[in-house]
Amino acid sequence: MATTSISSDLFENQASRSIDQEDICITCEDFSLSYGTKQALFDINLKIPTNRATAFIGPSGCGKSTLLRCMNRMNDLIDGINISGQMKLHGKDINTRDVNVTELRQQVGMVFQKPNPFPKSIFENVAYGLRLQGITNKTEIEDRVEWSLVNSALWGEVGDRLQDNAFSLSGGQQQRLVIARAIAVRPQVLLLDEPASALDPISTLKIEELIAELKSQYTVVIVTHNMQQAARVSDYTAFLYLGKLIEFGPTNVLFTAPGERQTEDYITGRYG
Amino acid sequence: MTDNKKIGFFQSGTPWVWLNAGAVSISMIMVIGLLVLIAVRGLGHFWPKAIWQIEYEEGGGITTLIGERAKTETVSARQLREAGVKYNFKEEFVERTLLKIGNRDVYGFDFRLTVAPLEKSVSLPEELIVLERTEWGNFYGELVAVKEDGVITQAGVEELWAKLSSRVERVAELRERIGDIEKSEIGAINFKMEKLRLRTRAMELAGRDDAEEQAEIAGTKAQLDADYDALKTRLDVLYADIRRDAVTLRVMTGEEVSINLSKVVKATRPNAMSIPTKIQHYFGNLIDFVSDDPREANTEGGIFPAIFGTVMMVLLMSVIVTPFGVIAAIYLREYAKQGFVTRLVRISVNNLAGVPSIVYGVFGLGFFVYVLGGNIDQLFYPEALPSPTFGSGGLMWASLTLALLTVPVVIVATEEGLARIPRAVREGSLALGATKAETLWRIVIPMASPAMMTGLILAVARAAGEVAPLMLVGAVKLAPSLPLDMNAPFLHLERKFMHLGFHIYDVGFQSPNVEAARPLVYATALILVAVIILLNLSAIYIRNHLREKYRTLEQ
């Protein structure tokens with residue numbers, strides 16, 4: 001117990017050396033979370049840089065998805081959750097009472113593991129968030145739908161059949177549609193919760209290419225089981241284990257010279 | 001080896017498959033058997049039946065009997081002897097026929113029994129005719145003369161028959177015109193008169209003495225009176241017209257009876273009919289049955305008001321029950337904190353579905369009719385008191401009672417539908433910045449709408465077949481007018497109405513002539529089943545449409 005907390009401090013210092021030059025978007029300060037009596041996250045301290053891709057890796061049940069879902073307060077929906085510490089977006093705590101959750105979620109978009117399009121047309125799926133914002137101007141909605149589909153590399157495939165049901169698309173297309181839906185509301189942050197785990201290799205490749213493009217405009221946080229994927233798409237990587245942040249640093253550093261024994265064990269496939 | 005095989009057979013589950021298949025087959029056979037029985041008995045009633053002329057040995061002599069064979073059964077000779085039939089039977093079993101001889105006004109009874117060995121000769125004379133009358137049931141006899149405008153024609157059968165047919169047609173036309181005037185035009189005047197009376201009464205109650213208004217009322221009243229007189233004159237002419245012709249028939253006793261054609265609805269000569277003519281008559285009878293008003297304490301005529309009342313009530317019930325059930329289910333599933341209280345509410349709701357329907361009827365009568373209706377009358381219709389407006393059973397209270405009866409079904413079905421919406425879809429909407437209410441309204445409810453329709457289908461099926469509570473809150477034997485007509489405000493929720501289920505009970509068990517009415521019970525039951533199936537099919541059609549639109553759950 002004592003050793004891990006010391007070592008995590010150690011590596012945070014090491015990581016912050018390179019992260020110092022970065023503009024920080026999300027900051028976790030001593031962030032803990034428990035479901036009822038079961039604690040899921042222990043004193044997480046983490047800084048996520050703006051317009052970079054940050055990956056969370058770790059074995060199943062280590063709390064990476066939970067942490068991700070805290071960043072746009074999706075965990076509000078679950079009863080019996082207790083949090084302590086702070087989660088800041090641009091220096092402002094998002095868990096205070098005066099924060100409007102719906103506004104927060106418009107700034108911090110999220111894409112889930114399984115594609116979850118709505119049972120509507122392709123066009124209406126992307127326009128959904130815009131309509132929620134109260135935009136009624138038809139040309140504006142059309143423009144932004146097109147922009148979103150172009151930026152999620154889907155326009156070429158669906159541009160001529162926007163009125164088709166979203167379920168007529170393939171799994172990979174559906175996932176890109178969901179990403180288009182998320183970026184249509186112009187968020188600052190995009191949270192991706194294992195976005196490619198339910199897809200075939202070709203679709204996965206497309207999603208990864210998309211993430212690489214998106215990170216120039218958005219702060220991307222991606223949870224993944226696939227370490228190659230983390231290594232390919234992310235600039236920074238955080239390794240979580242049993243609810244604790246073991247190591248956080250630039251991806252190349254973490255994968256080539258991990259500072260922690262546990263990290264090394266995990267990325268070399270000795271457990272997890 | 002054989003042992004292994006035996007165990008294998010049982011372990012393979014084959015016996016269970018057979019058991020289950022057997023259970024399904026038995027259920028299907030029972031349902032289909034029931035439907036076939038109702039259909040055969042109900043639909044057979046409309047087929048033009050042959051009229052038999054039977055020379056019957058009775059009391060030492062021969063009598064002539066004329067009538068339709070209503071029912072034939074085999075009984076033992078001993079049973080007949082004990083019942084007082086004086087005849088020395090050689091056979092052990094004999095056929096006994098229930099013969100519908102009609103002519104209740106002449107003989108006093110319209111059915112009698114005959115036994116086959118005593119029927120000396122039977123024939124189907126073509127000249128026998130049946131008159132369907134507005135009162136006293138059917139009339140069977142042989143055509144003797146037609147009296148037209150005081151001139152009596154006696155001629156050959158064919159000539160007389162042609163004459164009679166055209167006269168009956170003329171009478172039918174006149175009757176329709178009379179019905180139009182009496183029902184819609186005079187009905188409208190009565191409706192307006194009643195309104196004027198209520199207005200005068202309201203003025204009295206309020207102590208208002210407005211000479212101008214009184215004059216206006218008097219003026220309108222005079223106008224209505226004048227309208228009425230004009231209609232009355234027209235009616236008198238029509239009535240004189242309709243009573244002009246008569247027909248004379250010889251009945252089986254040899255007596256000649258004259259019947260005024262104004263009392264005749266239909267004249268048929270079934271023995272002379274070819275099969276195509278019979279088919280034509282069959283469908284004519286069927287259409288009359290579903291489109292006509294009932295006659296003679298519901299034992300004759302059609303059941304249109306009952307069909308109309310049933311459909312109206314079910315539709316109204318659907319309109320009431322859907323929002324209530326859906327809103328309750330959404331609150332229970334989406335907003336209420338899941339705990340002891342919600343569990344208790346859920347158990348109570350489920351148990352409500354098992355409460356006997358008559359209990360709902362009593363509740364409807366006590367609460368809706370007396371408390372709510374009584375207070376509505378006090379507040380809004382004081383001028384009509386002491387005669388109640390909403391304070392007695394009516395369409396609205398019946399629909400509300402049935403809505404209460406079926407709301408658990410809708411709640412349960414909707415809750416199940418809501419629970420089946422994948423979490424991922426809700427989260428997808430919330431993650432885009434939708435509030436919970438927006439997510440519900442735009443995503444969850446549309447996706448759960450097929451489940452709501454399922455609930456509604458079950459509710460309709462239950463409500464349409466329910467009779468017991470309706471007897472207390474508004475269904476009547478004979479409603480003077482439909483709940484929907486051309487008099488403002490068009491929809492009269494306070495009116496009593498007829499209902500197919502109650503009609504079955506009334507015709508089958510409360511009618512003065514049960515034997516004559518029995519086929520109508522089957523026919524009415526058939527129509528009730530058809531109405532329920534139709535209502536359900538339309539709901540299922542809508543549900544499938546919605547399912548197609550929101551198909552995601554299969555993913």
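Residues numbered from 1 in each chain as written. Chains lettered and ligands numbered in written order. Predicted model: local features only at pLDDT ≥ 70, side-chain atom pairs only at ≥ 80, totals over all residues. Heavy atoms only, no water.

K.L.:
Where do I start with the overall build of chain B in this structure?
P.N.:
When helices and strands are tallied, chain B shows 16 helices and 13 strands. For 555 residues, the compact-globule formula gives about 24 Å, and the C-alpha radius of gyration of chain B, at 31 Å, lies well above that figure. For chain B, the spread of C-alpha atoms along the principal axes amounts to about 105 × 95 × 40 Å. When burial is assessed residue by residue, chain B has 43% of its 555 residues classed as buried. Considering only contacts in chain B between residues 6 or more positions apart, those separated by 24 or more positions represent 69%. Surface accessibility of chain B: about 29,100 Å² in total, with carbon and sulfur atoms responsible for 62%. Looking at chain B, you have 58 positive and 62 negative side-chain charges, and the mean spots of the two groups are 8 Å apart. (Helix = DSSP H or I, 4+ residues; strand = E, 2+ residues; numbered from the N terminus. Rg over C-alpha atoms; globule rule 2.2 N^0.38 Å. Buried < 20%, exposed > 50% of the residue type's maximum accessible area, 1.4 Å probe, protein only. Contact = heavy atoms within 4.5 Å. Areas by Shrake-Rupley, 256 points an atom, 1.4 Å probe, with all protein chains shown as cover. Lys, Arg positive; Asp, Glu negative; His and termini not counted. Charge placed at Lys NZ, Arg CZ, Asp CG, Glu CD.)

K.L.:
Could you clarify how one ought to interpret the interface of chain A and chain B in this entry?
P.N.:
How large an interface is tends to be reported as the accessible area lost when its parts come together. Taken together, the contact pairs 24 residues of chain A with 22 residues of chain B. For the chain A and chain B pair, buried surface summed over both sides reaches about 2,000 Å², with 63% attributable to carbon and sulfur atoms. Taken as a group, Pro 119, Tyr 128 and Leu 132 of chain A account for 28% of the area that chain A buries against chain B, more than any other trio of residues on that side. The tally of links between chain A and chain B comes to one salt bridge. Here chain A and chain B share three residue pairs in polar contact (both at pLDDT 80 or more) between them. (Buried area = accessible area lost by both parts, 1.4 Å probe. Salt bridge = Lys/Arg side-chain N within 4 Å of Asp/Glu carboxyl O. Polar contact = N/O pair within 3.5 Å; in protein donor to acceptor, adjacent residues only side chain to side chain.)

K.L.:
How should I be thinking about the pairing of strand E6 (residues 128–133) of chain B in this particular structure?
P.N.:
Regular strands show a simple pattern: their side chains alternate between the two faces of the sheet. Residue and element names in this part refer to chain B. Within E6, five of the six residues are buried, leaving the element largely enclosed by the surrounding structure. In terms of strand pairing, E6 meets strand E7 (residues 139–148) through four bridges, oriented antiparallel. The residue of E7 that forms the bridge with Val 130 is Tyr 140. The turn linking E6 back onto E7 is made up of five residues, and Trp 136 within it adopts a positive phi angle of 70°. Across four bridges, E6 lies against strand E11 (residues 264–268) in antiparallel orientation. Residue pairing in the sheet places Glu 132 in a bridge with Lys 266 of E11. (Pairing = 2+ DSSP bridges.)

K.L.:
Can you help me understand the pattern of salt bridges in this one?
P.N.:
Note on pairing: side chains with opposite charge can pair once their charged atoms come close. Residues and elements named next belong to chain B. Scanning the entire structure with this criterion turns up 39 salt bridges over all chains. Between Arg 269 and Glu 158 there is a salt bridge; the shortest N-O distance is 3.0 Å. Here Arg 269, found in the loop between E11 and helix H7 (275–291), pairs with Glu 158, found in helix H5 (residues 157–206); they are 111 residues apart in sequence, far enough to count as distant. For Arg 199, the salt bridge goes to Glu 216, with nearest N and O atoms at 3.4 Å. Of this pair, Arg 199 sits in helix H5 while Glu 216 sits in helix H6 (residues 211–242), placing them 17 residues apart in sequence.

K.L.:
What should I look at first to understand the sheet that holds strand E3 (residues 93–100) of chain B in this one?
P.N.:
Within a sheet, each strand pairs with its neighbour through backbone hydrogen bonds, oriented either parallel or antiparallel. Residue and element names in this part refer to chain B. Sheet architecture is open: five strands sit in the order E4-E3-E2-E1-E5, paired in antiparallel fashion. At either end of the open sheet lies a strand with only one pairing partner, and these are strand E4 (111–115) and strand E5 (119–123). Across the sheet, the mean angle separating the axes of adjacent strands is 45° when strand polarity is ignored. Where strand E1 (residues 52–58) meets E5, four bridges bridge the pair, whose relative direction is antiparallel. When the sheet's bridge partners are listed, Ile 54 is paired in E5 with Val 122. (Axes fitted to C-alpha atoms, helices over the stretch in contact; angles between N-to-C directions.)

K.L.:
What is the right way to look at the packing of helix H4 (residues 122–132) of chain A against helix H7 (residues 171–184) of chain A in this model?
P.N.:
The angle between the axes and the distance between the axes are what describe a pair of packed helices. Residues and elements named next belong to chain A. Where H4 contacts H7, the two axes come as close as 7 Å, and the packing angle between them is 30°. Accordingly, the angle class assigned to the pair H4 and H7 is roughly parallel. The two elements H4 and H7 meet at a crossing, and its hand is right-handed. Touching Ile 122, Asn 125, Val 126 and Leu 130 of H4 are Leu 177, Ala 180, Arg 181 and Ala 184, all from H7. Of the residues in the contact of H4 with H7, the class split is six nonpolar, one polar and one charged. (Parallel < 35°, antiparallel > 145°, perpendicular 65-115°, else oblique. Left-handed = near helix turned anticlockwise from the far one by under 90°. Nonpolar A, V, L, I, M, F, W, Y, C, P; charged D, E, K, R; others polar.)

K.L.:
Explanation requested: the confidence of the model for chain A in the structure shown.
P.N.:
In low-pLDDT regions, the fine details of the predicted coordinates are not to be read closely. All names here are of chain A. The pLDDT averaged across chain A works out to 83; a share of 92% of its residues lies at or above 70. Of all helices and strands in chain A, the one with the weakest mean pLDDT is helix H1 (residues 2–19) (40), whereas strand E8 (residues 219–223) scores best (91). Across residues 1–17, confidence stays below pLDDT 50; counting only partners more than four residues off in sequence or on other chains, it has 15 contacts. (pLDDT = per-residue confidence, 0-100.)

K.L.:
So what exactly am I meant to see when it comes to a nonpolar patch on the surface here?
P.N.:
A contiguous nonpolar surface patch, about 610 Å² in accessible area, is contributed by Val 24, Met 28, Val 31, Ile 32, Leu 35, Val 36 and Val 40 of chain B. With respect to the helices and strands, the residue Val 24 of chain B is situated in helix H2 (residues 14–44). (Patch = residues over 30% accessible without salt bridge, like charges linked within 9 Å, V, L, I, M, F, W, Y side chains within 5 Å.)

K.L.:
Explain the pairing of strand E9 (residues 246–250) of chain B to me, please; I cannot follow it from the model alone.
P.N.:
Residue and element names in this part refer to chain B. Within E9, four of the five residues are buried, which leaves it mostly tucked inside the rest of the structure. Both E7 and E9 contribute to a ladder of five bridges, which runs antiparallel. Counted as the bridge partner of Lys 147 is Ala 246 from E9. The pairing of E9 with strand E10 (residues 256–260) spans five bridges and is antiparallel. Across the sheet, residue Val 247 finds its bridge partner in E10, namely Ile 259.

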